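Results of the structural survey
Each chain is listed here by its residues.
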Amino acid sequence: FTNPETPGYVGFANLPNQVHRKSVKKGFEFTLMVAGESGLGKSTLVNSLFLTDLYPERHIPPAADKITQTVKIDASTVEIEERGVKLRLTVVDTPGYGDAINCSDCYKPIIQYIDDQFERYLHDESGLNRRHIVDNRVHSCFYFISSQGHGLKPLDIEFMKALHNKVNIVPVLSKADSLTLPEVKRLKRRILEEIQANEIQIYQLPDADEDEDEEFKEQTRCLKESIPFAVVGSTQMIEVKGKKVRGRLYPWGVVEVENPDHCDFLKLRTMLITHMQDLQEQMQAQINAQTKSSP
């Protein structure tokens, strides 16, 4: 307990350090939902994003079983630690979505799951013991759009319109390595036009503040222009010019997952990591708006 030599110094400048220590000790929680038709590479992309295997015992049903299969909710939780910072990541998968012949109500179990998590969190927060509340609310939803179509399907539009007031929707264009760069740009533009025409609210990245450095401003601008993110996922390591990279090997060459010239994988991961807090705050703001509007 010594008096600081700097005149006029009280010590509250140390408050951010207290918040940092408390946050690192407590760890962070994030729940990510991945939705889209089967075969679009959802599981591969999630494993690529977090460098982990979330589905070690995954069973893929045969085509005959998918005809009558109903939508299931499969939540997988993993504890990830990087440089002393712990992240409790929950990935919510939706096997069976879009696989049946009649898909008119296939998104209703997903909406029910999201609402149930909101109710559970509200119930825990209203209780007496609120020190160890587990937040399983869905903070963001990566919605996978097929690159083999000519834009959004009617099911895509119905799903996003049903969920855009409940969760942050991030549209993802899957298996972008099956398209040329001009085709990717054209399909992105078509998807954004259809999203706007159907008044679907997707997650909007916040603008960079004026006092931010130019590099962060440029990064934010680049991320905004990349939506929907055209991605390629792979957990396979391939040697290219003496260097190990994660990618997909084809007869004509290698598609590098983490090469920004090949796909938007790095941009998607950067968006998720750098705006994870904002995704949680936006989700809370949506809940508050719904609570106020409901009678």
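Presented here is an overview of the structure given in this document. (Residues numbered from 1 in each chain as written. Predicted model: local features only at pLDDT ≥ 70, side-chain atom pairs only at ≥ 80, totals over all residues. Heavy atoms only, no water.)

1. So, the overall build of the protein
Note the following rule: Under the DSSP-based scheme used, a helix requires at least four consecutive residues in state H or I and a strand at least two consecutive residues in state E, with every element numbered from the N terminus. Relative accessibility under 20% of the residue-type maximum defines a buried residue, over 50% an exposed one, and the middle range a partly exposed one, all with a 1.4 Å probe and only protein chains included. Method for areas: the Shrake-Rupley scheme with a 1.4 Å probe, in which residue coverage is limited to the protein chains shown.
A count of helices and strands for the protein gives nine helices and nine strands. Taken over 295 residues, the protein has a buried fraction of 42%. Entry remark: accessible area of the protein is about 17900 Å², with carbon and sulfur atoms responsible for 51%.

2. Quick word on the sheet that holds strand E6 (residues 229-230)
Going by this rule: Think of it this way: DSSP has to see at least two bridges between two strands before they count as a pair.
Taken together, the six strands give an open sheet; going across it, the order is E2-E3-E1-E4-E5-E6, and neighbouring strands pair in mixed fashion. What marks the edges here is a single partner per strand, and that holds for strand E2 (74-82) and E6. Both strand E1 (residues 28-35) and strand E4 (residues 140-145) contribute to a ladder of four bridges, which runs parallel. When the bridges of E4 are listed, Ala35 appears paired with Tyr143.

3. Description of a negative patch on the surface
We apply this condition: Residues form patches when they are more than 30% accessible in relative terms and have no salt bridge. Like charges link within 9 Å. Nonpolar side chains (Val, Leu, Ile, Met, Phe, Trp, Tyr) link within 5 Å. The rule for a salt bridge is simple: a side-chain nitrogen of Lys or Arg has to be within 4 Å of a carboxyl oxygen of Asp or Glu. Lys and Arg are tallied as positive, Asp and Glu as negative. Neither His nor the chain termini are counted. Charged groups are reduced to one reference atom each: NZ for lysine, CZ for arginine, CG for aspartic acid, CD for glutamic acid.
A cluster of like negative charges, contributed by Asp209, Glu210, Asp211, Glu212, Asp213 and Glu215, occupies part of the molecular surface. Note that Asp211 resides in the loop between helix H6 (181-197) and helix H7 (214-226).

4. Topic: the nonpolar core
Going by this rule: Put simply, buried Ala, Val, Leu, Ile, Met, Phe, Trp, Tyr and Cys residues joined by side-chain atoms within 4.5 Å make one nonpolar core. Contacts are residue-level and defined by heavy atoms, with any inter-residue pair within 4.5 Å sufficient.
Counting 67 residues, the largest nonpolar core has Tyr97, Phe142, Phe159, Leu268 and Met271 as the members making the most contacts within it. Leaving out residues up to four positions away in the same chain, Met271 has contacts with Phe142, Val170, Tyr203, Leu205, Leu223, Phe229 and Met276.

5. Digging into empty space enclosed by the protein
The cut-off we apply is this: Detection works on a 1 Å grid of protein atoms alone, calling trapped sets that fit a 1.4 Å probe cavities and calling open sets with protein on both sides within 12 Å along at least five of seven lines pockets, with lining residues defined by an atom within 4 Å of a point. Grid points are joined across faces, edges and corners, and a volume is the space filled by probe spheres set on the points. Side-chain classes are defined by residue name, with Ala, Val, Leu, Ile, Met, Phe, Trp, Tyr, Cys and Pro counting as nonpolar, Asp, Glu, Lys and Arg as charged, and the others, Gly among them, as polar.
Counted by the stated rule, this structure contains two cavities of 30 Å³ or more. What the largest cavity holds in volume is close to 60 Å³. Contributing to the lining of the largest cavity are Glu37, Leu40, Phe144, Ile145, Ser146, Gly151, Lys153 and Asp156. Considering only residue class, the lining of the largest cavity consists of three nonpolar, two polar and three charged. Counted as a void, the second largest cavity has a volume near 40 Å³. Surrounding the second largest cavity, Ile169, Val170, Pro171, Ile202, Tyr203, Ile227, Phe229 and Met271 form its lining. Looking at the lining of the second largest cavity, the element that brings in the most residues is strand E5 (residues 168-173), giving three residues. For the lining of the second largest cavity, the class distribution of residues is eight nonpolar, no polar and no charged.

6. Let's talk about helix H8 (residues 265-274)
Which entries qualify depends on this criterion: By construction, the arc corresponds to the directions joining the helix axis to the C-beta atoms.
When we look at burial in H8, the residues that qualify are Phe265, Leu268, Met271 and Leu272. The arc that holds every buried residue of H8, seen down its axis, measures 130°, which confines them to one face.

7. Brief notes about the sheet that holds strand E9 (residues 253-256)
For clarity, the threshold we go by: To define axes, lines are fitted to C-alpha atoms, for helices over the stretch in contact only, and angles between the resulting N-to-C directions are given on a 0 to 180 degree scale.
An order of E7-E8-E9 is seen for the three strands of this open sheet, with the pairing classed as antiparallel. The outermost strands of the open sheet, each flanked by one partner alone, are strand E7 (237-240) and E9. On average, each strand axis in the sheet is inclined to that of its neighbour by 70°, with strand direction left out of account. Of the strand pairs in this sheet, strand E8 (residues 243-250) and E9 are connected by four bridges, and their pairing is antiparallel. Along E9, the bridge assignment pairs Tyr250 with Gly253.

8. A look at the packing of helix H4 (residues 108-125) against helix H5 (residues 154-163)
The condition is simple: In these notes the angle categories are as follows: under 35 degrees is roughly parallel, over 145 is roughly antiparallel, 65 to 115 is roughly perpendicular, and the rest is oblique. Left-handed is the label given to a crossing in which the near helix is rotated counterclockwise from the far helix by less than a right angle, and right-handed is the label when the rotation is clockwise.
Direction vectors running N to C along H4 and H5 enclose 20°, while the axes themselves pass 11 Å from each other. Relative to H5, H4 is oriented roughly parallel. Crossing handedness for the pair H4 and H5: right-handed. Residues Ile110, Ile111 and Ile114 of H4 touch H5, and the partners they reach there are Phe159, Ala162 and Leu163.

9. A look at the packing of aromatic side chains
Quick reminder of the rule: Only the six-membered ring of Trp is used, alongside the rings of Phe and Tyr, when aromatic pairs are assigned; centres must lie within 6.5 Å, and planes under 30 degrees apart are stacked while those over 60 apart are edge-to-face, with the rest tilted. Geometrically, a charge over a ring is one whose NZ (Lys) or CZ (Arg) sits within 6 Å of the ring centre while staying within 35 degrees of the ring normal.
Scanning the entire structure with this criterion turns up two aromatic pairs. Ring centres of Tyr250 and Trp252 lie 5.0 Å apart, and the angle between their planes is 0°; on these two criteria the pair is classed as stacked. Judged by relative accessible area, which is 27%, Tyr250 ranks as partly exposed. The class of Trp252 is exposed, set by a relative accessible area of 61%. The ring of Tyr121 is capped by Arg137, whose NZ or CZ atom sits 3.7 Å from the centre of that ring.

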